[in-house]
Every structure is written in structure tokens, then in C-alpha cells.
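Now for the letters of each chain:
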Amino acid sequence: MPKKTLSPTEVYKYLPKTNCKECGEENCMAFAAKLVNREVTLDKCPPILTEKYKNEYKALWEMLKPPVKGVTIGSGSNIVKIGGKLVMYRHELTYHNPTAIAIDVSDDMPEEEIVKRVKEAESFSYTYIGQNLKLDLIAVRSVLNDPNIFKATVKKVSSITNLPLILCSLDPNVMEAGLIEVSSKKPLIYAATKENWKEMAELSLMYKCPLTVFSPNDLKTLKSLTKTLLAYGVEDLVLDPGTFWNGLADTLNNFTMLRRAACKEEDELLGFPLIGVPAIVWMEPSEFPEVTAWKEACLASMLITRYADALIMHSLDGWVLLPLTILRQNLYTDPRKPVAVETGIKVFGNPTEESPVLLTTNFALTYYTVASDIEASKIDCYLLVVDTEGLSVESAVAGRKLTAEKVAESIKGSGIENKVKHKTIIIPGRASRLSGEIEELTGWKVLVGPMDSSGISKFLQEKWVKA
Amino acid sequence: MNKKNKEKEDFSDFGFDIIKLLSEFQEIELENVEIKVKELEFLLQPFISRIPLPKIEAPQKVKPKEILEEEFHPPIMKYPGEIVEVKIGATKSEGGSRGKTVTIGGEKAPAFYLFESPPPNPPVISIDVFDMKIPLAKAVKMHVEDVLEDPAAWAKKAVEKWGAEVINLHLVSIDPLLKDTKPSEAAKTVEDVLQAVDVPLAVGGCGDPEKDLKVFEKVAEVAEGENILFNSVTLNMDIKKVAEAIKKHNHCVIAFTAMNMDDARELNRKLYEFLPKNKIVIDTTTAALGYGLDYAFTVMERTRLAALMGDAELQHPISSGTTNAWAAREAWMTMDPKWGPKELRGPIWETVSALTLLLAGVDYFMMMHPAAVKTVKEVIKKLTVKEEAEKIYNWIASLKR
């Protein structure tokens, strides 16, 4: 049965039904509902973990396990989990474990270049909707195919970064030389193929590291290999069906078929995370590096949309990685929850005690639209962000989430009264019907602003007169 | 063999054009773009060098000695529904004056599920043209500066230079808060553009439901038979009047709703009273990457899947105002140099927004930047014309930098 159609009642059957509240819920049924929505994990129920409920635990674990296995790369606190997908489409529930992005280095690069690339990857950071967007992994490639050189490169990389690693070589001897250096850090082995699978499987078992299966554009062999490797005893697999720019149709087709086979047909041989390699565009680069980087960005963005759980990238350009990390953030937000921003006072430019005070809601899209309009017109002002439970102005007014009481609370709680001398607040045009009540309740004068925040600048020019 | 060479040509043309589009107007900021010295290629033969490695005993298990062969069957599903085909434009023999028409829709499977059913009509790229000078991001403006106040010349440039398959003319000047252009004058602009190009036309209003209605009625009459795609009809318009004008003069329409599938169904139901299904395209709203693209993506993806699963009120081609990507400040703002010049950031923003929605099921893109248009066209071609996958088996050792 597809996981998304699990009902709380089915799950409830296997719970202790004692309503002991140890999980923090009122009763077992409430806990079951949260389990089905993946809002809690099974280990939050202490009784089910005891010997008495061993069989029930096993049944529940089977019911709740994702059709795409979660695979962890790294060890200790430096880990990244990939896969663990419960659904094919994000609206069916939500996507877990955002696509991990690796940046490559290779053993033929001069040491300073390796250090520079690793440091750049590690220091990549962009603040977006209050979140810090980062890169996740370093992929070390063996180009020279020499175990000693690879070993030295892996050692170097491991000494300068805490990011988990992917070791890339199809030669088991080279791979083992690298693994010896970092096996305790549990890197991802890239990759087992139809030629080297036995040796790579041995390495994966011996060093207890996850293993990638690489079978470019040949899903029959890919599936045969996963079956073989599972029989061999390797459990943590990652699948690479090949990434092609010339052959883009096959790339998307293969990723889509694999994910559907896992999620809709529950094919356990294919229920593993998928890895894409947009870096392949650098096999035949254009004379202009921007053109190659551009293609890499396109390929990566389509793979983020089409089910890649990890990507290996070569470009480190900000204009390539910024849209990708934002796209990833966007697609991995929980579609069930409206995105909300922090409430309170936001400061724009250098406001004085005579600057205007504007009001908006904490729905992220509303907030960022307003914020970007204010920033674009370089206005010095305060923006009071009211908690509307993540609803836009129009919905919040209609749904009584933005009320005169809420506004009064917000004015008091935010401390805006200590920041400005005047007592005038500008409310969104779409909240105009609240103006009378707000004035009555707060003693502040209300100016009804424009219907759309793009009109703020013009509005202030025309209407903002200091008292 | 010939095919290989051909591919190579396409490949380099593509790159060349992009760089030209990004740089031919010398405003591009090149400070942090360096052409790297061609790196040494390492052609060293791998030499054998084995160090004794400590072997740890692996867990005991009966291990397979050979690959266990397994079949792979494409996971094909059946869909009870399909998307209606909508034709835009009309040739002489069809009662219009276009040199060609375009047809969108007709899908029988989700977007580019090629293993099930390739799209019968590749998605179409239209380019936005405005009837007055409007504020544009610098990276866009530099390509259209010479035609900003001449919609006919702008349209011509968009078709001839950038390969617009449809011209998407926005009559923004009719806005009562802007120039309040009269319907007859607006219709004159439409005629000028029809004269200047022979591709089909989409005509957009200003968003004021009353004014748009008056202008659409006039344009529909003046451009009788051209099968113009009117952009758009909304729930707050006098749907009866606008739909009757579109029907009477033989045009088609975009039904626009704000990221709400129930609204989309309701608007379609109202339109069905006047128009056949194959005259309606739907637009469920496009938000920029970073500014709600996830909502736009999911509404479109759900709409398309629902349509294929048999929801008859949603079985229409989807249009996207992809130009909205430029609303993202990361697309137009000057940022710290580490984020690259906005001349690259802007068009890649539009491109990534478009490619994401392409995979949600968009059939009709309204776009702006020539490099974004070029890239999305190239990607659509790659997804619809059979192309042999390149050899990447040795990618680990073959990346050039």
C-alpha cells in the first residue's frame, strides 16, 4: 500500500493504546495521526520500544518506512542524510532531506587549488527567509588513478574540512587507499559498476561505508546490480543512472522512472537515493567557462526538481549556486505549512524617531514582497510584522487572524512606541476595514496604505506628512 | 556520423550565442569573470602502485559470484484524462493573416514522462512586448533599449532575433492610472504588431477588469479571425461579455486565477457556457524563484495530475508569466561580487524558474531575456528530439577546468 494513504486507525492498531501520554500527546490516536503525517517518529513512544511490543514495533516500522531509503554520509555530527523520501510529489506530503550538493576536487589539482575550493564550498552561505543556505559535501575525484596520490589528496581534504566526503574512483585499489584514510568519517563510495561491483562491495562492507551504483543509461543493469549488492550484504546504496547534457531526455526519463518505481510500485530494488552529476558538462567545456557553468546550472536545477537526492557540481560561481540552493529550499519546504517569518519590528535603512511605521503580516511571501519593495525604493522606516499564523493580508483579514486586537498586541509587544515619537501607523490597503477599530483600540492614527506594496514609495511621497 | 557533427555544431552554437547575448552589449560586469588559462591535460598512464592494505574480515554471508540478472520494466500508468489542444493564431486560409499558427497541449502523461507518452506539442515560448516604456531590469533593458517605445519594432526584433514563437503584447498603457489609452488606440497598436510580424499574437491588458473588458472587446473586433490569445480573463471580470466577444470574433483566451485550483475550476466552468474547451488556456499564477515558486510549481503540478486523472475542468494547457522571475531581487539587484554579475544572475533566474515550471507541465511561457529564451528553447528541443546520450562513463577522470 502506498505510504501516503496510511490512515491513523491502521497505525493505532499497533500502538499500546494505553494513552500514557509519554509521547507528549493526549492519547495514542493523536500520536498515530502525527506518525502518519510524519510529524513525530516512532521512538517518541517509549513503551513500543520495549520487548513486550517487539512485533508491533516491527510492523509499525515496516508500515512507516519510506519507499526511498534514507542513507547517511559522514559520521558523528558531520553527517548529511539523503533520500528518505516518502512521496513522489511534494503535495502528497512533503519532501524530506534536501538534495545534498557536493563540490568536486581532484587529485591532479595543485594543493592550493584544492584548499581554495574546499574553503569556498565550506564558506558558501546565503541567508534566505531566515535560513542559512549551505553546501553539503566534498567529492574527491581520482584522476591520476594512483592509490598513493589519491590517498594523499583524501588525507589533505579530510584535514581541512568537516564536510562529509564522496570518494570517486572506479578502481577498487585506488578507492581502498582513500578509504583507509577516512573510513571513520563514513564517506560515500562512488562507485560500483558492472565491472568492479564485487571489489567495491567488499570495500563497502569492510569499511562500513555507503556505496553508489553507477550504470549510465542502463536501468536493467542498475537494477541487477542493486539486487546483487543487496544479496552481497550491502544495505546502504545510492543510485546513479547517469547524467547527460547531450541525452538530457534520457537523464530526466531515468530519474523519473526510478523514483516512480520506488514510490508508486514500491520496487525495493530501486528504493534508494538518486545521485546526479551535473559536473559532467565540464567533460567538454566551451571556450567560455560561463557557458559551461550555465549549462551545469540548468542541468542541476532540473535534477533538483526531478528527484535527485544528491548532486556533484564543479562550478563554484555564486550565480550558479545561488538559484540552485534557493530552488532546493523552495521545493523542500513543507507544502502543508504556510511559510512564516519572525514577527516584531524590522528596520529598513536608517530610520529616525520621525520615520514612518508600516504594518504587514508574517506570511513569508507577503513579508518579502513588502520588504523588497521598501528596499528597492530605499525608504527609511520600521515595518511591524504581525503574527497572522502565516497568512497573507487578505486571507488574514477574512479569517480573523489579522484583527485590531492583534495589531494592538503587536504595537505594545514590539516596543515600537519607544522607537518613534509619532503615533501613526500605515496599514495595508487590503486591511482598510480594520482602520477604525485599530484607532479606537490603540489610540494610534491609521493611514490606509496602497493595495499593493509596490505603491509604498509613491504613497509615502504623497501622504507621509510628519505630525 | 553526420548526426554527431550536427550535434557538435548545435552544441557550440548554443554556447556561442549565449555568451554573445550576455556580452554583446558592453554593460556586462566582467570583473569577477576570468577566462581560465587552458589547463594542462594529464595524460599520464596509470601506473601500478600497490601498497599492502590491512584487510578486515567482512561479515559472513553467501555472496553472489555473478551479477543476479533482473528485468527493468518502465513503471507505466494509465491516465483516464488528457489535455485539450489549443491552437493560437490563424493563417489566411483559416480566416486570419498569420504565416503560421502554434498548437499547445494534448498531453496524455505528466510533463516529459517520456517513457509513457512524449508531449505531442512541444511547449511554446512567447516573448513579452509592452506598448509603452516601462521599468525593466538592466539586464533585460540592454537588449531592447532601441525598441522600448515601438511595440511593432520590439515584436519584430523578438521574432527575428530571438525566435519568439508567439508575441505576447501587453497593453499596459490602457491602465486608467497610467496613460488611460483608449480602446481604439490600443487596437491600433495591436494592428501595428500584427502587420510587423507573422507569428500568432497574445494580447494582455492592464489588470483593471473594466478597462480590460472594453479594450478586449475592441481588439477582438478589429482583429477578427486572428485567433488572438487574450491574456487574460479573471473571475472579477464580466465573463459573459468578454467570452462572447472572444467567441464572436474567433479568438482564444487565458483564464487566470491566483494559485487556487478551485478558482481555476470555477472560472473554467463559467467560460464553458460561452466557449469550447479548446479555446481556453489556464494560468494558475507564476511566482519567482525564491518568492513563491514552490507554490506556483505545486499548483501547476497538481493541476496537471488532476487533469490527467480525469478532472475535466482542468484539462487545459498551462500558461506561465515566467517574466515574473524578475521580481526576485536576486535577479536584478547589484549584490556582493561573489554572487556574480547581475547580467548573469538575472537571466539564470528566469531560466531556472522556467525550467522548474516546464517540469510541472507548463505549455506556454511568457519570457523576456534572450539568453533565457534561448536556453529554454534548447532544453525543450533536447527533451523532444531524440538525441543519443553522450559517453560519460569516465567522467571522474575527465573533467576539464
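Since this is a predicted model, take the numbers as computed values, not measurements. (Residues numbered from 1 in each chain as written. Chains lettered and ligands numbered in written order. Predicted model: local features only at pLDDT ≥ 70, side-chain atom pairs only at ≥ 80, totals over all residues.)

Colleague: So what's going on with the overall build of chain A? Which residues, and what values?
Modeller: Scanning chain A for helices and strands turns up 16 helices and 17 strands. Along the first, second and third principal axes, the C-alpha atoms of chain A reach 80 × 65 × 40 Å. Burial analysis of chain A (467 residues in total) assigns 53% to the buried set. A separation of at least 24 residues holds for 64% of the contacts in chain A among residues at least 6 apart in sequence. (Helix = DSSP H or I, 4+ residues; strand = E, 2+ residues; numbered from the N terminus. Buried ≥ 20, exposed ≤ 12 C-beta atoms within 10 Å, placed from the backbone. Contact = placed C-beta atoms within 7 Å.)

Colleague: Lay out the nonpolar core in plain terms, naming residues and giving numbers.
Modeller: Ranked by size, the top nonpolar core spans 254 residues in total, and within it Ala-102 and Ile-138 of chain A together with Ile-167 and Val-376 of chain B carry the most contacts. With 10 residues, helix H10 (residues 289-305) of chain A is the largest single contributor of residues to this core. Residue-level mapping places this core at the junction of two domains, with at least three residues from each of domain 2 (70-331) and domain 3 (344-463) of chain A. Ala-102 of chain A has contacts with Asp-136, Leu-137, Ile-138, Ala-139, Ile-166, Ala-310, Leu-311, Ile-312 and Met-313 of chain A, leaving out every residue within four places of it along the chain. (Core = buried A, V, L, I, M, F, W, Y, C linked by C-beta atoms within 7 Å. Domains from an automatic or database assignment.)

Colleague: Any details on the interface of chain B and chain A? Residues and values, ideally.
Modeller: Many authors give the size of an interface as the accessible area that is lost as the parts come together. Contacts between the two partners involve 75 residues from chain B and, on the opposite side, 86 residues from chain A. Counting only elements with at least two residues in the side of chain B that touches chain A, the list comes to helix H1 (2-23), helix H8 (293-308), helix H9 (329-332), helix H10 (342-358) and helix H11 (370-384) of chain B. In terms of residues, the side of chain B that touches chain A owes the most to one element, H10 of chain B, which gives 8 residues. Split into classes, the residues belonging to the side of chain B that touches chain A amount to 44 nonpolar, 10 polar and 21 charged. (Nonpolar A, V, L, I, M, F, W, Y, C, P; charged D, E, K, R; others polar.)

Colleague: Break down the domain arrangement of chain A for me, with residues and values.
Modeller: The domain boundaries assigned to chain A delineate domain 1 (3-64), domain 2 (70-331) and domain 3 (344-463). If you average the C-alpha positions of domain 1 of chain A and of domain 2 of chain A, the two centres end up 34 Å apart.

Colleague: Summarise the packing of H10 of chain B against H11 of chain B; cite the residues concerned and give the values.
Modeller: Residue and element names in this part refer to chain B. The contact between H10 and H11 brings their axes to 8 Å, and the two run at 30 degrees. With respect to their mutual orientation, H10 and H11 come out roughly parallel. The handedness of the crossing between H10 and H11 is right-handed. Within the contact between the two elements, H10 uses Pro-347, Glu-350, Thr-351, Ala-354, Leu-355 and Leu-358 and H11 uses Ala-371, Ala-372, Thr-375, Val-376 and Val-379. For the contact of H10 with H11, the class distribution of residues is 8 nonpolar, 2 polar and 1 charged. (Axes fitted to C-alpha atoms, helices over the stretch in contact; angles between N-to-C directions. Parallel < 35°, antiparallel > 145°, perpendicular 65-115°, else oblique. Left-handed = near helix turned anticlockwise from the far one by under 90°.)

Colleague: Explain the sheet that holds strand S15 (residues 381-386) of chain A residue by residue, including any values.
Modeller: All names here are of chain A. Strands sit in the order S13-S15-S14-S16-S17 across an open sheet of 5 strands; the sheet is mixed. Two strands in the sheet have a free side with no partner beyond their single neighbour: strand S13 (344-348) and strand S17 (445-448). Ignoring strand direction, the axes of neighbouring strands in this sheet form an average angle of 30 degrees. Inspection of the sheet shows strand S14 (residues 357-361) paired to strand S16 (residues 424-427) by 2 bridges, in the parallel sense. Residue pairing across strands places Val-357 opposite Ile-425, the latter belonging to S16. Each of S13, S14 and S15 touches helix H14 (residues 404-414); the most contacted strand, S15, lies at about 125 degrees to it. (Pairing = 2+ DSSP bridges.)

Colleague: Now, about the pairing of strand S6 (residues 229-233) of chain B: what can you tell me, with residues and values included?
Modeller: Residues and elements named next belong to chain B. Within S6, 5 of the 5 residues are buried, which leaves it mostly tucked inside the rest of the structure. Taking the sense of rotation as the criterion, the β-α-β connection linking strand S5 (residues 201-204), helix H5 (residues 209-222) and S6 turns out right-handed. The pairing of S6 with strand S7 (residues 252-256) spans 4 bridges and is parallel. Note on S7: the bridge partner recorded for Leu-229 is Cys-252. On the question of chirality, the crossover connecting S6 to the parallel S7 by way of helix H6 (residues 239-248) is right-handed. (Right-handed = clockwise from strand over helix to strand, strands pointing away.)

Colleague: Please set out the pairing of S16 of chain A residue by residue, giving values where relevant.
Modeller: All names here are of chain A. Bridge count for S16 against S17 is 4 bridges, and the pairing is parallel. Looking at the pairing, Thr-424 lines up with Lys-445 of S17. The parallel pair S16 and S17, bridged by helix H15 (residues 435-442), forms a crossover whose chirality is right-handed.

Colleague: Can you explain the sheet that holds strand S12 (residues 310-313) of chain A? Please cite residues and give values.
Modeller: All names here are of chain A. In space, the 8 strands of this open sheet follow the order S10-S9-S8-S7-S6-S3-S12-S11, with parallel pairing throughout. Among the strands making up the open sheet, the edge pair consists of strand S10 (237-240) and strand S11 (275-276). Summarising the sheet, strand S9 (residues 211-214) and S10 pair through 4 bridges and their orientation is parallel. In the strand pairing of S10, Val-213 is matched with Leu-239. Lying over the sheet, helix H4 (residues 111-123) contacts strand S3 (100-106) and strand S6 (137-141), oriented at roughly 170 degrees with respect to S3.

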